[in-house]
Each structure stands twice: as structure tokens, then as C-alpha cells.
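Single-letter residue listing:
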Amino acid sequence: MLNPTKAVKPVKASGSKSAHRIGGRYWNKYKSLYLLMLPGILFLIIFRYIPLYGITIAFKDFQVKKGILGSDWVGLEHFIYLFGNRSFWSVLGNTVIMSFYKMIFGFPAPIILALVINELKNVRYKKLVQTFTYMPHFISWVVVAGIFLQLLSPGTGPINFVIKSFGMDPVYFLGDPRYFRGTMVFTGIWKSVGWDSVIYIAALTGIDTGLYEAATIDGCTRLKRIWYITIPSIMPIIVMMLIMRSGKLIEDNFDQIFNFLNDGVLSVGDVISTYVYRLGIEKMKYSYATAVDVFRNVVSFVLVFLTNTIAKKAGEEGLW
Amino acid sequence: MDSVFHKRRHSGPPVSRTERVFDGVIVICTLIVSFSMLYPLLFVLGRSFSSPDTVNLSGMSVLPKKWSLVGYSFVLKSSFIWTGYLNTIVRTLLGTAIGLAVSIGYAYPLSKKNLPGRNVLTFMLILTMFASGGLVPEYILIKNLGLFDTIWSMVLPSAMKAFNVVIIRNFFMSIPEELDEAAEIDGCSAIGTLFNIILPVSTPIIATISLWMIVQHWNSWFDCLLYMRDPNRFVLQIVLRRIIFESSVEMTGAVSAEQQVSQEVVKYATIIVATAPILMVYPFIQKYFVKGIMMGSLKG
């Protein structure tokens, strides 16, 4: 006769033993994998999460001697000062205006370039155009700023040479507040339009050619095919890029602006990142500069969140 | 007869007039774009070979009015440009090696679907894409770690990028699991499998990521500006900044008034010397750069 309790017990015992054995084997099996990850984990903790904790200095009166942990909490003092500070609002305004211009002109540019490149029939010429347009991406902003400083020079630059040959006065593209933003938009597009178009070109090559053939048989013109087939096909990617970009409405390209910025255009060219650098590093107002950064991060997150919600409501696929 | 002629020239259906006009417009557009991309570079190249007295003559031509190598002779003589070059090469090699090792080390275990704690480790990585400490906390950290004026301040903080790790992980996950399992049955350790099985079939993605890292290190300057005080430790981009924007005489070694006349040519020559390596190699390896973007965008 079978005794159910006796029969159950050994099973239970062996079950927990084998679970234990499996646990040990898990550790043995995965030990080397965890070891492989260890440098990465340490990296994340030291170089990502400690600075992340460091943003608490935005709420503290940070003293170098006392350290981040030892400094006294001051609550929202820096933020209150920030919102009452006229220079902050001007910098915020500059940032948003510049991003807005860059969005209007800089966002469609790579899409248009991708559509144009996609229409090229000669494969070798197409490759050549791609090579030329991607090239500026691989040059540093220091060099790009150096090049444009010479090109746009009012005295000796070729651009002003053309302007002057039409009998007009030379334009101070980098020294005149009226032209500085435009110059930033243009140089920004010059450097990144090719590289930004890569993702759209990738999407374009994925479109089913059968669609085009059917449209051609139906007598669609090239423009109509672009409008009714090509653009709708890459719409999801356009929307995704737009959402990701919207968070950047309050961000700016430090590498670019910092290298072009000069005293003459500070009134329009000073943006959040250059402001944070000047106050945080040069004037050592650590807590205040961090508060500006925190403010920017919060706003940019809210922006991404809002655009994503709007995109979803409009029936497009969002980021999440 | 006309249609026969068309058919012979184009293998496709006969091309209408509007089609040809459309093609022409497209070609002209791309010619203008290509020209505007190339002209600034050619202009600087031409001016770098000009003589000091003609370099500032205005004009649109990319060819020098009077050829001369004065600019390059200063560049070759400037010790700061040479140490800058050396420092850039060292940081690029070291930074890329460390960056690759750390990123692959983090990505490979994450590609194992049954790794305990995989979700937490992934989350820990992805979060850094959205939240960062920002300029000041990072600056304080480097200061507290005592990394000022050491190469580590330029190599370590940028070692592992979440985006790169995700791309590598996705590639690893696309490798058939049977390969892994077979190696394990043969008694290969996890690390042995990575080196003997996984990495050899992952060369496209490893090439792409290393090239990204190389370009990023070659072009970086801000970390050097923040953390390096000793001019002998400046990277090329910072030396370049000094020469171009501050017309630093110290950096070019143009001390006498006569020599300072050459300062403008030196600027152009320095730009070329600093950019040439990347631009000369780039057309040949362009496809690897693009491949990575596609992998990231299609799967991420």
C-alpha cells in the first residue's frame, strides 16, 4: 500500500534540493557573465548614477569643502532665484527661439534630401551625393566653426565677396545679432542634413516597389507617387523623429553655439547650455547652474510626453 | 522609330518629356547640395596652400593666388600641434579599446534571454539615455576622483553609451542560439564562447561601433577644455581652438611680427592637418557607419 505522505515527502525534499542545486548551477553558469558585466556596472554607477545623484545640489547650498552629501539643503531657493532672474528668461527665450527655427528649417531638410536622393536613378552618382552630404558629420564643430569663420568673414570671406560685388554692404553673419540665429540654423543644417537623412533613406529603401509599379500603370506622375506613396510610407518614422525632436525644443547644441558665440551676439546667442557652462564652470555657481539644468531636463521630458500623447491621439504610432 | 530609339536607350518603358525634366531638376538639386558641402572644405584646402600675403585676398576661387607651404611649415614646427596630435591618437586608441571592452562586456550577457536580473540590468542601462547628471555634477565627480589632467578624464566618462550597447546586444540576439549552445556543450565557457563564436561573426557591428567611437574621440574637445590644464596634454581640437579663435601665438610658435603675418595661413593649414585623417579614411568606410544607423533604427 502506498503511503501518500511518505510518497510526498521525499519528492518535496528532492525538489528543494534540486532547486538549490539549480541555483548553485545558475551562479556557476552565470558567474562569468556577471563578471563580464562588472566593469559596465561599475561604470554606470560611478559615471552615470553618482552624477545623477549629484543633481541634488540644485536643492542644496553646495560648498566644495562640505561635499555633496554634507552641504545644507535649501529647498527651492535656487529655483525661486532662477525664475526671478531676468538673464535666465532671456537665455530661455534664446534657446526656444533658436530651436524653433531649427525645427522649422532643420527638421524637413533631411526628409527632403532623402526624397531627392531617392529619386536619383544613377546608382554611382547617388552614392557620390551621399558621400558628400554625409561628410560634414565627421568634422568636429571646432573645425566647422573655424571654416565658417573664414567663409563668412566680412573682410576676406568669399560669401561677402559675392555680396559686395552686388554693391551691397558686407554682412556680419557671426557678429550681428540680426544674422546670428540664421547662421546657426544654416551651419546646423550644413553639418547634419546628410547624416540625418540616413534614417529616412533606410526607410525609403524598404518601400514595396510593387506599389510604384501599380501607380505607374494607373498613370501617376512622379510627384504624385512621392506624395501618395513615398511620404505616407515613411510617415511613422517622421512622426517618431518629430516626437524625439520635440524634447529638444529646450535643448541646444552646445558644441555648435559655444564655438560660434562671441560678445557681440550674446543677446541672441546665449543659450541654456552656454549659460550653464559660464555660471557653473567659469563662475563656480555650482548649485544655481545645476538648477538650470534640472529645470531644462524636466521641461524636455514633459515636452516629449506631451507630443507623444498628441501623436497617439492623432492616430500615429508613438514612442511608447 | 522614335519609340524604338527610346527603348534602346532606356531599358524601362519610354520616358516622357516631363519625366526627363523631373530627372534634370533632381540632378541639379543634388549638384547644388553637393557643391555647398564641398566648397567650404575646398576653400580651406586652397587657402592652406596660399602664401601669407595672398591668403587674405578676397575672392571665391578655391585655388591659391600664389602657392606656398608656409602654413604647413609652421604646423610641422609647432610642438603643440604635434603633442596635440599624439594626445588625440592616444585618447582615441585607449578610449575606443576601453569603450569596446566595456560595451561588449555589458551587451553580451544582456543578449542571454534567461540571465537572472536581465531586466534590472537593462533598465539600469536604458535609464541613462533619459536622465543624466548634467555638466556640474560630472565636473565635480571628475574633480573628486582626482582625474584632472589625466587621460582618464577624457577616456572613462564617455566609455559606454547606452545606445551602442543596445545595438550590440540586438546584434548578438540575432545570432542563432544553436551556435552558443553547441559551444557550451563542447565545454566552452561563456567568455570562451564570446571570443571564439560570437565575436568572429559580429565583425560588422564591432567595426561600426569602433568607427563611431574613433570619430567621437577624434573630434571631442569639451572634456579636454574642462579637465585639462596643462597645455602639453591638450588634444588636437583644443590646440586648433586656440589657434583659430584666440589666434594663439603660443600654440603656433609664430613669435616675431614677421611670423605673425603667417598666422592666417597657419589657421587654414591646421584645420586641414586636423581633419585630413578622418576625411581621407571616411569614404572607404562610410558603409559601416551607415550600417550601424540602420541596425539601430530598424530594431530599436
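Note that this is a predicted model, so its numbers are computed, not measured.

Draft legend 1. Layout of empty space enclosed by the protein. Inspection of every chain in the model, using the stated rule, returns 3 cavities of 30 Å³ or more. In this structure, the largest cavity encloses a volume near 50 Å³. For the lining of the largest cavity, the per-class residue count stands at 3 nonpolar, 3 polar and 2 charged.

Draft legend 2. Main features of the interface of chain B and chain A. On the side of chain A, 79 residues touch chain B, which itself brings 90 residues to the contact. Contact with chain A buries surface across chain B, with Met 37, Trp 221 and Tyr 282 of chain B losing the most and accounting together for 8% of the total. Taken together, the connections running from chain B to chain A amount to 4 salt bridges. We note a salt bridge from Arg 225 of chain A to Glu 19 of chain B, for which the minimum N-O separation is 3.9 Å. Our count for the chain B to chain A interface comes out at 17 residue pairs in polar contact (both at pLDDT 80 or more). Sorting elements by how many residues they give to the side of chain B that touches chain A places helix 2 (residues 17-48) of chain B first, with 18 residues. Considering only residue class, the side of chain B that touches chain A consists of 62 nonpolar, 19 polar and 9 charged.

Draft legend 3. Structural view of the packing of aromatic side chains. Here the structure, examined in full by the defined rule, presents 39 aromatic pairs over all chains. Relative to Phe 186 of chain A, the ring of Phe 148 of chain A has its centre 6.3 Å away and its plane inclined at 75 degrees; by these criteria the two rings are edge-to-face. In this pair, Phe 148 of chain A sits in helix 7 (residues 141-151) while Phe 186 of chain A sits in helix 9 (residues 177-205), placing the two residues 38 residues apart along the sequence. Members of the aromatic cluster, connected to one another through ring pairs, are Phe 62 and Tyr 286 of chain A together with Tyr 139, Phe 148 and Tyr 227 of chain B.

Draft legend 4. Expanded view of the domain arrangement of chain A. Residues and elements named next belong to chain A. Here chain A is partitioned into domain 1 (4-61) and domain 2 (77-313). A separation of 43 Å is found between the C-alpha centroids of domain 1 and domain 2. Taken residue by residue, the interface counts 6 residues in domain 1 and 7 residues in domain 2. Interface of domain 1 and domain 2: buried area, both sides summed, is about 500 Å²; carbon and sulfur atoms make up 71% of it.

Draft legend 5. Layout of the domain arrangement of chain B. Residues and elements named next belong to chain B. Domain parsing of chain B yields domain 1 (2-69) and domain 2 (72-299). Every contact between the two is made by 13 residues of domain 1 and, on the other side, 11 residues of domain 2. Both sides together, the interface formed by domain 1 and domain 2 hides about 950 Å², and carbon and sulfur atoms give 74% of it. Where domain 1 packs against domain 2, one counts 0 salt bridges. For the interface between domain 1 and domain 2, the tally reads 3 residue pairs in polar contact (both at pLDDT 80 or more).

Draft legend 6. Here's a closer look at helix 11 (residues 222-246) of chain A. With 25 residues, helix 11 of chain A should reach 36 Å at 1.5 Å per residue; the first-to-last C-alpha distance of 32 Å falls well below that figure. The sharpest bend along helix 11 of chain A measures roughly 50 degrees and falls at Met 235 of chain A, with the proline Pro 236 of chain A sitting one to four residues further on. For helix 11 of chain A, the full list of buried residues reads Arg 222, Arg 225, Ile 226, Ile 229, Thr 230, Ile 234, Ile 238, Val 239, Ile 243 and Ser 246 of chain A. As for helix 11 of chain A, its buried residues are in contact with helix 4 (86-106), helix 5 (108-119), helix 9, helix 10 (209-217) and helix 15 (286-313) of chain A together with helix 2 of chain B.

Draft legend 7. Summary view of the environment of Gln 63 of chain A. Residues and elements named next belong to chain A. Along the chain, the position of Gln 63 falls in the loop between strand 1 (60-61) and helix 2 (67-70). When its relative accessible area of 33% is taken as the criterion, Gln 63 is described as partly exposed. Expressed as a C-alpha distance, the spacing of Gln 63 and Tyr 286, which sit 223 residues apart in the sequence, is 8.6 Å.

Draft legend 8. Structural detail: the pattern of salt bridges. Residues and elements named next belong to chain B. A complete count under the given rule lists 15 salt bridges over all chains for this structure. The salt bridge partner of Asp 53 is Lys 66, with a shortest N-O separation of 3.2 Å. With Asp 53 in the loop between helix 2 and helix 3 (70-77) and Lys 66 in the loop between helix 2 and helix 3, the pair connects residues that are 13 residues apart, well separated along the chain. Glu 177 serves as the salt-bridge partner of Lys 113, at 3.6 Å between the closest nitrogen and oxygen. With a gap of 64 residues between them, Lys 113 in the loop between helix 4 (79-110) and helix 5 (118-130) and Glu 177 in helix 9 (residues 177-185) connect regions that are remote in the sequence. A residue is classified by how much of its surface remains accessible, and Lys 113, at 55% relative accessible area, is exposed.

Draft legend 9. Looking closely at helix 8 (residues 158-165) of chain A. Three or more residues of helix 8 of chain A are buried, namely Pro 158, Asn 160 and Ile 163 of chain A. Where the residues of helix 8 of chain A are buried, they touch helix 7 of chain A together with helix 2 of chain B. After helix 8 of chain A finishes, the residue Gly 167 of chain A shows a positive phi value of roughly 85 degrees.

What counts as what
- Residues numbered from 1 in each chain as written.
- Chains lettered and ligands numbered in written order.
- Predicted model: local features only at pLDDT ≥ 70, side-chain atom pairs only at ≥ 80, totals over all residues.
- Heavy atoms only, no water.
- 1 Å grid on protein atoms, 1.4 Å probe; cavity = no way out; pocket = protein on both sides within 12 Å on 5 of 7 lines; lining within 4 Å.
- Points joined across faces, edges and corners; volume = space filled by probe spheres on them.
- Nonpolar A, V, L, I, M, F, W, Y, C, P; charged D, E, K, R; others polar.
- Contact = heavy atoms within 4.5 Å.
- Buried area = accessible area lost by both parts, 1.4 Å probe.
- Salt bridge = Lys/Arg side-chain N within 4 Å of Asp/Glu carboxyl O.
- Polar contact = N/O pair within 3.5 Å; in protein donor to acceptor, adjacent residues only side chain to side chain.
- Helix = DSSP H or I, 4+ residues; strand = E, 2+ residues; numbered from the N terminus.
- Phe/Tyr/Trp six-rings, centres within 6.5 Å; stacked < 30°, edge-to-face > 60°.
- Domains from an automatic or database assignment.
- Expected span 1.5 Å × (residues − 1).
- Bend = angle between axes of the 7 residues up to and from the residue.
- Buried < 20%, exposed > 50% of the residue type's maximum accessible area, 1.4 Å probe, protein only.

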